[in-house]
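An overview of the molecular structure
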Amino acid sequence: MEVKTSLLDNMIGVGDMVLLEPLTEDSFIENLRNRFDHNEIYTYIGSVVISMNPYRSLPIFTPEKVEEYRNRNFYELSPHIYALADEAYRSLRDQDKDQCILITGESGAGKTEASKLVMSYVAAVCGKGQEVNKVKEQLLQSNPVLEAFGNAKTVRNDNSSRFGKYMDIEFDFKGDPVGGVISNYLLEKSRVVKQPRGERNFHIFYQLLSGASDDTLRKLKLDRDFSKYNYLSLDSANVNGLDDAANFRTVRNAMQIVGFMEDEVQSVLELVAAVLKLGNIEFKPESRSNGYDESRVKDKNDLKEMCELLGIEQSVLERAFSYRTVEAKLEKVSTTLNVSQAYYARDALAKNLYSRLFSWLVTRINESIKAQSKTRHKVMGVLDIYGFEIFEDGDNSFEQFIINYCNEKLQQIFIELTLREEQEEYIREDIEWTNIEYFNNAVICDLIENNQNGILAMLDEECLRPGTVTDITFLDKLNTVCAEHQHFESRLSKNSKFLTDHSLPHSCFRIQHYAGKVLYRVEGFMDKNNDLLYRDLSQAMYKANHKLIKQLFPEGNPAKVNLKRPPTAGFQFKHSVGTLMRNLQTKNPNYIRCVKPNDKKAPRIFTDSLVRHQVAYLGLMENVRVRRAGYAYRQAYEPCLERYKMLCKQTWPHWKGPTREGVEVLMADLQVSTEEFAYGNSKIFIRNPRTLFSLEEKRRGCLENLAALIQKIYRGWKCRTHFLLLKRSQVVVAAWYRRYAQQKKYTQIKSATIMVQSYSRGWKARKILRELKHQKRCEEAATTIAAYWHGTQARRELKRLKKEARRRHAVAVIWAYWLGLKVRREYRKFFRANAGRKIYSFIMQRLMQKYFLGLKRDLPSMSPIGGSWPTRPYRFLDTAHTELRSIFHHWRCKKYRSRFTDERKAVFEEKLQASEIFKDKKALYPSSVGQPFRGDYLEISKNPKYQKLSSAMDEKVLLADMVNKINRANGKGTARIFLLTKNNFVLADQKTGQVKASVPLPDLASISVSTQNDGFFALKLKEGSAGATKGDFLLSSEHLIEIITKLRRTGATAVNHNHLDIDISDEFLVQFKQDKVCVKFVQGAPKNGNGASCKRKNNRLLEVSVPSTA
Ligand SMILES: Nc1ncnc2c1ncn2[C@@H]1O[C@H](COP(=O)(O)OP(=O)(O)OP(=O)(O)O)[C@@H](O)[C@H]1O
Ligand SMILES: [Mg+2]
């Protein structure tokens, strides 16, 4: 929702001076000061904006502020220059009204800054687009160029505009800028040649010398040192906060954006350089024969350089500084110039050169920024012109006179336009027009500009008059012509009033301007009005070989010699002011009155007297009076009703009917006196600020009440909502609590009830049980008694029947029993009672059958070492299954055994015995398991080689093999044939077959072997036996296992033989003849193949090294 605001909200002092009560100069100044102290630099007088220079940057010119003021009504927000710019722009765009913004104020009051703010605001709010942006940029960038050439540091302002500027910005129907035209007024050209103390020449001179590159300066024949140039004042060449070098770059850049060609920029700089050079030309007198002094150029170097720069023939210019040619009709008279005349001519040339250059720049900028299309444009003019200038010590000269004349004219159109606007509004609103008393300054304008006897006309007349004319003759003339004028004062006028007025010197006249009295010194009036440049100089310039300079001095063209005097400065100014006024009159005016708060260029200082002075000469009080003459305040009905509707019951909170009626009801209800206001067509007009303030006062009171009411309702609502919330919560809490309590109570009651119930039920049940038990006992007793009784009866009867019918029915009964028995027997198999057993045995049969068949099918291999056995199908067969497995195994072992022949059986028995002896005891054993025991390895009976040996054996040879007999002396082996028979073992020579030893088995006491993988064994003989004389045998054989097994078996079966010991250890003793030698087995690295080797270590030790198996 848009919040409606008003200027009247949060005002500091009053935002609009029209509302000032009481209206006095003091209250006016006090209000300005009050607002200034609170950083409110803008104040309105109706639609006029007073702007105080803050001399510091305030945060009120941000893009956010632009947005805030955009499209808002003038009085909606606190006073701001943006509000005025927005109003002007919208009225131009939406109502097609051309606008002009008139900015006035004294030097340093902030006019130029204000004009820039207006331009930047309009640039920010108008349309966008490539073309539009280019135009905006060019318009904005024209400022730095003109400021460089037209502004200078003065004692009042470091960036003082030394020319008047009026700029028309042109817009198309959409409100987009399309171009512009700039007009300049009266450049203060005297500054070029001379500056007052503490002031500088135009900025461009300093900027050029500080900012141009060395190369550029060389081309322009300039030196960076300011002190080398007579035209540059030195005491304030450097200004604080002003960076000339950087500004030079800005200006060059701006010139480029505006559209200056590179050669044009160069030409402009050449002219600037030429002016500096010109200032350095000095003259010396040279006596002539006629007794007069003639001037001569002192040092020609500067002259030469200047001529080179501008392409002028040096001699021509030199001559122009020494002679002056006066042409009259057909005559040409040449007179010499003395030194002071030469200086005058030099300065006149410099001033003209510079001011014409400045005008050319304006024309050139206009060429660039002019609108492209010829269609009619809407125009917004911005006038930044010097305000009223009054030098206190009466040092006002021609320039001040001209400036003040311009301000008189502006005041005149201000009054005219304000009154016209006021009147138009009254007519538009249908309000009776009451004549307004105000001071009309037309009479002062007339004093100055009247064609017959105006001061300017007198001045021109005096300038043109032949004969001796001086400033004093001009004053005399004024004294005669204007003496009677009520606003003209002079000591020498016929008006006796001033004859004794010592504040009025003789060489001065005084004019009562609308803003106050100003004393003008006539000295220099004639000269400045004439603005003479000797024709010789303009012709010398025209002859220059420089495009721009030729263009600037067209009157120097000899082909167009014009003997008529050029128009005077006063005439030209009056003419341009006239054009300006006509221009402004066609537009809707908007005023910005700039006020300077102090002379120190410092922030936060408000000098009362200075402001009072400005308020006076800007005619601000007059402004307020004109504005307040009829009705001080007006407001459209709608915002008025909106603002004050709370003051009346009928209009609060909403008024349904037309707004005007609403306002009427409101005013009637408030009993405002009818003289105090009037109803216009769309606005209400309030005569007195007092009335408005009383309305505001009431509104404020009412707002406070409303605020209290809103607060009250809000608080009530808040409390009520809170209360309702609490209430609802309480109900919920209570409900939950009740439920909880009831639940608890219920469970208590329930458990109590159940307890009581269970007790009562128990008691009841026990009672019933007792009864039932009693009843049952009674019944049982009865039954028993009855049974006994019936039994007794039956037995008696039976006895009787038996007795009676035993014999009679005995056969029949027996027969019946017999038949019954028969029948039962026959049909028993059909009885269901036997079916289960049958089915069971049948199923069992089937299962067993299936099991056995499956077992048959899946029987494992017949190998006794086969470990597999089918899994059992049913758990109940567990025992049978295990039993069957063991049976099967035994059976297949039996089967396997039954396949053996006796020899094989013997072999196996031998193998079995070998295993008993050696398994897990000797490392050689595993390798012998796979080898069959062949016994006769030498095939002794078949081999003819052993025939003799074989025949020597009277028994069957059980084993014949080659062994090594170990020699005790060196541990080496000697091959021997080893034979085993049933009763002996024999060792024979391997080659001859001669028996070396034959030992009966009973003489063998024990056999020693090692635990290792070797074939050594010792056959130890019983002590005292026949064979024992030579000692034991230490042998080695590849078939050690077989030999020893067979020795043991055979030995065991031999006659008289006890058990044969076999000693398995890695160290044993062997008896060699008398000595016992220890045989020790050690593990060693394999040597000469894999066999073990025996070595004699000492007399008593033989070491057998067995290669390790790992
Ligand atoms: N709105 C502003 N905010 C901050 N500083 C300002 C403002 N207006 C003016 N100034 C300061 O005041 C100085 C003078 O302002 P400006 O040049 O606009 O004065 P002027 O009225 O144009 O004077 P002159 O008549 O000499 O040209 C500026 O250089 C700037 O420092
Ligand atoms: Mg200025």
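Quick look at the structure, then. Owing to the predicted nature of the structure, the values given are computational and were not obtained by experimental measurement. (Residues numbered from 1 in each chain as written. Chains lettered and ligands numbered in written order. Predicted model: local features only at pLDDT ≥ 70, side-chain atom pairs only at ≥ 80, totals over all residues. Heavy atoms only, no water.)

Quick word on the coordination of the magnesium ion (ligand 2)
Stated formally: The rule for donors is simple: an N, O or S atom within 2.8 Å of the metal counts, and for Na, K and Ca the reach is 3.2 Å. Water is not among the atoms, so a site may look short of donors. Helical segments are the DSSP runs of H or I of at least four residues, strand segments are the runs of E of at least two, and each set is numbered from the N terminus. Relative accessibility under 20% of the residue-type maximum defines a buried residue, over 50% an exposed one, and the middle range a partly exposed one, all with a 1.4 Å probe and only protein chains included.
In this structure, T112 (OG1) and S161 (OG) serve as the protein donors to the magnesium ion (ligand 2), at separations of 1.9 to 2.0 Å. Pair noted here: T112 is in helix α4 (residues 111–125) and S161 is in strand β5 (residues 160–161), with a separation of 49 residues, a long-range link. T112 sits in the buried class, given a relative accessible area of 14%.

Focus on the site of ligand 1
Using the following cut-off: The cutoff for a nearby residue is simple: one of its non-hydrogen atoms must lie within 4 Å of the molecule or strand. Following the grouping adopted for this structure description, the nonpolar residues are Ala, Val, Leu, Ile, Met, Phe, Trp, Tyr, Cys and Pro, the charged ones are Asp, Glu, Lys and Arg, and the polar ones are all others, Gly among them.
In the vicinity of ligand 1 lie 17 residues, with S107, K111, T112, S160 and S161 positioned nearest. Considering every element that reaches the shell around ligand 1, the biggest residue donor is α4, with 3 residues. Taken together, the residues of the shell around ligand 1 break down into 4 nonpolar, 9 polar and 4 charged.

Focus on unusual backbone geometry
Looking along the chain, the bond that leaves E21 and enters P22 is cis, with omega of -5 degrees. With respect to the secondary-structure elements, P22 resides in the segment before α1 (25–37). With an omega of 0 degrees, the peptide bond between W652 and P653 qualifies as cis. For L186, which is not a glycine, the phi torsion comes out positive at approximately 45 degrees.

Some remarks on the nonpolar core
Defined as follows: Nonpolar core, defined: a set of buried Ala, Val, Leu, Ile, Met, Phe, Trp, Tyr and Cys residues in which side-chain atoms within 4.5 Å join the residues together.
With 213 residues, the main nonpolar core has F28, F149, L317 and F509 as its most contacted residues. Residues A914, F1033, I1041 and I1044 belong to the second largest nonpolar core, which totals 30 residues.

Considerations on the sheet that holds strand β13 (residues 488–490)
This is how it is decided: Pairing between two strands is assigned when DSSP locates at least 2 bridges connecting them. Angles shown run from 0 to 180 degrees and are taken between the N-to-C directions of axes, each axis being a line fitted to C-alpha atoms and, for helices, limited to the stretch in contact.
Strand order in the open sheet formed by 3 strands is β13-β14-β15, with antiparallel pairing between adjacent strands. Because the sheet does not close on itself, it has two edges, and the strands there are β13 and β15 (516–521). Between one strand axis and the next, the sheet turns by 25 degrees as a mean value, whatever way the strands run. Here strand β14 (residues 508–513) runs beside β15; their pairing, made up of 6 bridges, is antiparallel. What sits directly across from C508, in β15, is R521.

Some words on the environment of Y75
The test is simple: Between two residues, a contact is recorded if the distance between any of their heavy atoms is within 4.5 Å. The term polar contact refers here to a pair of N or O atoms within 3.5 Å; inside protein, the definition further demands a hydrogen-donor-capable atom paired with an acceptor-capable atom, and it admits residues adjacent in sequence only when both atoms are side-chain atoms.
Checked against the element boundaries, Y75 lands in the loop between α2 (63–69) and α3 (81–95). Judged by relative accessible area, Y75 falls into the partly exposed class, the value being 29%. Separated by 139 residues in the primary sequence, Y75 and D214 place their C-alpha atoms 55 Å from one another. Among residues more than four places away in sequence, those in contact with Y75 are S6, L7, D16, Y44, G46, S47 and R627. In this structure the side chain of Y75 is engaged in a polar contact, spanning 3.1 Å, whose partner is the backbone oxygen of G46.

Note that every value here comes from positions in space, so none of it alone points to a role or purpose.
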